[in-house]
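Secondary and tertiary structure notes
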Amino acid sequence: MRVQNDQGIMIDLTGMNITMASGKGGTGKTTVAVNFAWLLASAGQRVQYLDCDVEEPNGHIFLKPSITESAPSKVMVPVVDQEKCTSCGECGLKCQFHAIVNLPGDTLIFPGLCHSCGLCSSVCPTGAITEGDREIGIIGKGSGTKRIDFIHGVLNVGEAMAVPLIKKVKNGRKDPYVHIIDAPPGTSCPVVATLKGSDAVIMVTEPTPFGLHDLKIAIDVARLLNIPTGVVINRDQGGYQPLSDYLEAAGIPILAVIPEDADIARHYSQGGIILESLPHYIDVYETLAANLEKLLDTHSVHAGRMRS
Ligand code: SF4
Ligand code: SF4
């Protein structure tokens, strides 16, 4: 299916992985993600929304999915049989995450540090280590407004292992859908795990010194991963020259500019889809779609996937 803007530009994002990211929290990344998903779904595309912001998922607040499937997500953790353990120290020596401490007569596992790599059980000479598991969060699946297929991960409070949960959310991708992926804020491992495999990343930024500082770092990460990147400037108040200068020098296109608007803030705070309540913003999101297509075409990502 297609989205058509005033200039008659068609876009078909079927099969694409479009990730919404931001260098810092609070830029409006999720607002842009849910409204873009809504626009595509309104145009008849099959859209899947994957909320990988697992520490604070809030796409469901706006898309209001009926969660029909909810399952705990578990990771492997080693279990030591102290009867078989000779305290040789091999496992602690080899664990690069310092998740095992060998004491005389005792081998301790620190599950919160374990990355479930399985190395310790393979190096144990006595077979003292077996595989157990622990729950790190839940995966919820369902269908939201405009029949947007929905999946999110909700990390347990205090849990550090976000990456395995993010991978499970991404493993839930279906075809033929366009995948709108909501990344965590920042530039740490969970962001990298979310960005991997993206056909394009839309960085949502605010036109402030803090926004620009964190945007630069996030764009560097996307570049390292070789992902075509564009920017949505949110809460614009008439331009911010250092941001414009940076984007021009870096060759990063501005995909859309969303003005500062108390009406948007009000609808957001009520958990609403902006484009439903304020349809004059549909033009802005159609411009985003058209500019995204140009970005994809520039990087030759889109051409092979276009339908006639
Ligand atoms: S599974 Fe890997 S990370 Fe976990 S304790 Fe064993 S060696 Fe360390
Ligand atoms: S490698 Fe096996 S035997 Fe050696 S300390 Fe670890 S659990 Fe014990």
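Heads up: these notes are all about the structure in this document. This structure is a prediction, so every number in the text was calculated from the model and none was measured. Throughout, residues of each chain are indexed from 1 in the direction in which the sequence is written. All chains are assigned letters beginning at A, and all ligands numbers beginning at 1, according to the order in which they are written. Local features in this predicted model are restricted to residues whose pLDDT is 70 or higher, and side-chain atom pairs enter the listing and the counts only when it is 80 or higher, whereas totals over whole chains, interfaces and linings include all residues. Calculated side-chain values reflect all of the structure's heavy atoms, with hydrogen atoms and water omitted.

So, the site of ligand 2
Here a residue is considered near a molecule or strand provided that any single heavy atom belonging to it is located within 4 Å of it. As a matter of local geometry, ligand 2 sits amid 13 residues, with Cys85, Cys88, Gly89, Cys91 and Cys124 nearest to it. Residues are grouped as follows: nonpolar covers Ala, Val, Leu, Ile, Met, Phe, Trp, Tyr, Cys and Pro; charged covers Asp, Glu, Lys and Arg; every other residue, Gly included, is treated as polar. Broken down by class, the residue content of the shell around ligand 2 amounts to six nonpolar, six polar and one charged.

Concerning the pairing of strand E10 (residues 178-182)
Successive residues of a regular strand alternate their side chains across the two faces of the sheet. Exposure classes here rest on a 1.4 Å probe applied to the protein chains alone. A residue is buried below 20% of its type maximum, exposed above 50%, and partly exposed in between. Numbering of helices and strands runs from the N terminus, with a helix taken as a DSSP run of H or I at least four residues long and a strand as a DSSP run of E at least two residues long. Among the five residues of E10, five are classified as buried, and the element is accordingly described as predominantly covered. Judged by which residues are buried, E10 turns out to be covered on both faces: Val178, Ile180 and Asp182 on one side and His179 and Ile181 on the other are all buried. Pairing between two strands requires that DSSP report at least two bridges joining them. Bridging between strand E3 (residues 17-21) and E10 involves four bridges; their strand directions are parallel. Residue Met20 lies in a different strand from E10, and its bridge partner there is Asp182. Inspection of the sheet shows strand E4 (residues 47-51) paired to E10 by five bridges, in the parallel sense. Directly across from Val47, in E10, lies its bridge partner Val178.

Describing helix H1 (residues 29-42)
Multiplying 1.5 Å by the residue count of a helix minus one yields the expected span of that helix. The end-to-end C-alpha separation of H1 is 20 Å, in line with the 20 Å expected for 14 residues at 1.5 Å each. For H1, a buried count of 13 out of 14 residues is recorded, marking the element as mostly surrounded by other parts of the structure. Just beyond H1, the residue with positive phi is Gly44, at close to 95 degrees.

A word on the site of ligand 1
The immediate surroundings of ligand 1 are formed by Pro78, Cys95, Phe97, Ala99, Ile100, Cys114, His115, Ser116, Cys117, Gly118, Leu119 and Cys120. Broken down by class, the residue content of the shell around ligand 1 amounts to nine nonpolar, three polar and no charged.

Digging into the packing of aromatic side chains
Any two of the Phe, Tyr and Trp rings considered here, Trp counted by its six-membered ring, make a pair once their centres fall within 6.5 Å; the pair's planes then place it as stacked at under 30 degrees, edge-to-face at over 60, or tilted in between. With the rule as written, the count across this model stands at two aromatic pairs. Measuring from ring centre to ring centre gives 6.0 Å for Tyr49 and Phe150, while their planes differ by 0 degrees; the resulting arrangement is stacked. Placement of Tyr49 in strand E4 and of Phe150 in strand E9 (residues 149-155) is noted, with a sequence separation of 101 residues between them. Judged on exposure class, the residue Tyr49 and its partner Phe150 are both buried. Sitting above the plane of the Tyr177 ring, Arg46 keeps its charged end 5.7 Å from the centroid. Placement of a charge over a ring requires the Lys NZ or Arg CZ to be within 6 Å of the ring centre, with the centre-to-atom vector within 35 degrees of the ring normal.

Regarding the nonpolar core
Residue types Ala, Val, Leu, Ile, Met, Phe, Trp, Tyr and Cys, when buried and joined through side-chain atoms within 4.5 Å, form a set referred to as a nonpolar core. Within the largest apolar cluster, 43 residues are counted, with the highest numbers of intra-cluster contacts made by Phe36 and Ile180. With nine residues, H1 is the single largest residue contributor to this core. It only takes one pair of heavy atoms within 4.5 Å for two residues to be counted as in contact. Apart from residues no more than four positions distant in its own chain, Phe36 is found in contact with Leu13, Met20, Ile180, Tyr285, Leu288, Ala289 and Leu292. Judged by nonpolar contacts, the second largest core, of 20 residues, contains Ala21, Leu243, Ala250 and Ile252.

Focus on the sheet that holds strand E13 (residues 254-259)
Judged by pairing direction, the sheet is mixed, and its nine strands sit side by side in the order E5-E8-E9-E4-E10-E3-E11-E12-E13 without closing on themselves. Each of the sheet's edge strands pairs with one partner strand only, and the pair in question is strand E5 (66-80) and E13. Neighbour-to-neighbour, the strand axes of the sheet open up by a mean angle of 20 degrees, direction not taken into account. With axes taken as lines fitted to C-alpha atoms, and helix axes fitted only over the stretch in contact, angles between N-to-C directions fall between 0 and 180 degrees.

Let's talk about the pairing of E13
In this sheet, E13 lies alongside strand E12 (residues 229-236) in parallel orientation, the contact comprising four bridges. Each residue of the ladder has a partner; that of Val232, found in E13, is Ala256. Crossover E12 to E13 through helix H8 (residues 241-250) is right-handed. For the handedness criterion, the strands are oriented away from the viewer, and a crossover whose path from the first strand over the helix to the second runs clockwise is classed as right-handed.

Re a nonpolar patch on the surface
Surface patches are defined over residues having more than 30% relative accessible area and no salt bridge, joining like charges when they lie within 9 Å and nonpolar side chains (Val, Leu, Ile, Met, Phe, Trp, Tyr) when within 5 Å. The Shrake-Rupley method, run with a 1.4 Å probe sphere, supplies the accessible areas, and residue values consider only the shown protein chains as cover. Definition used for salt bridges: Asp or Glu carboxyl oxygen within 4 Å of a side-chain nitrogen of Lys or Arg. Residues Val101, Leu103, Leu108, Phe110 and Leu113 make up a contiguous nonpolar surface patch of about 370 Å² in total accessible area. Residue placement: Leu113 occurs in the loop between strand E7 (106-109) and helix H4 (119-123).

Re the packing of helix H7 (residues 209-224) against H8
Across the interface, H7 lies against H8 with an axial gap of 11 Å and an inter-helix angle of 15 degrees. Compared by their axis directions, H7 and H8 come out roughly parallel. Considering only the axes of H7 and H8, their crossing is right-handed. Across the interface between the two elements, Leu212, Leu215, Lys216, Ile219 and Arg223 of H7 pack against Pro242, Leu243, Tyr246, Leu247 and Ala250 of H8. Across the contact of H7 with H8, the residue classes tally to eight nonpolar, no polar and two charged. Oblique is the label for any angle not covered by the other classes, which are roughly parallel (under 35 degrees), roughly antiparallel (over 145) and roughly perpendicular (65 to 115). Each crossing is labelled by how the near helix is turned from the far one, with a counterclockwise turn of less than a right angle marking it left-handed and a clockwise turn marking it right-handed.

Everything listed here is a matter of geometry and, on its own, says nothing about what the molecule does.
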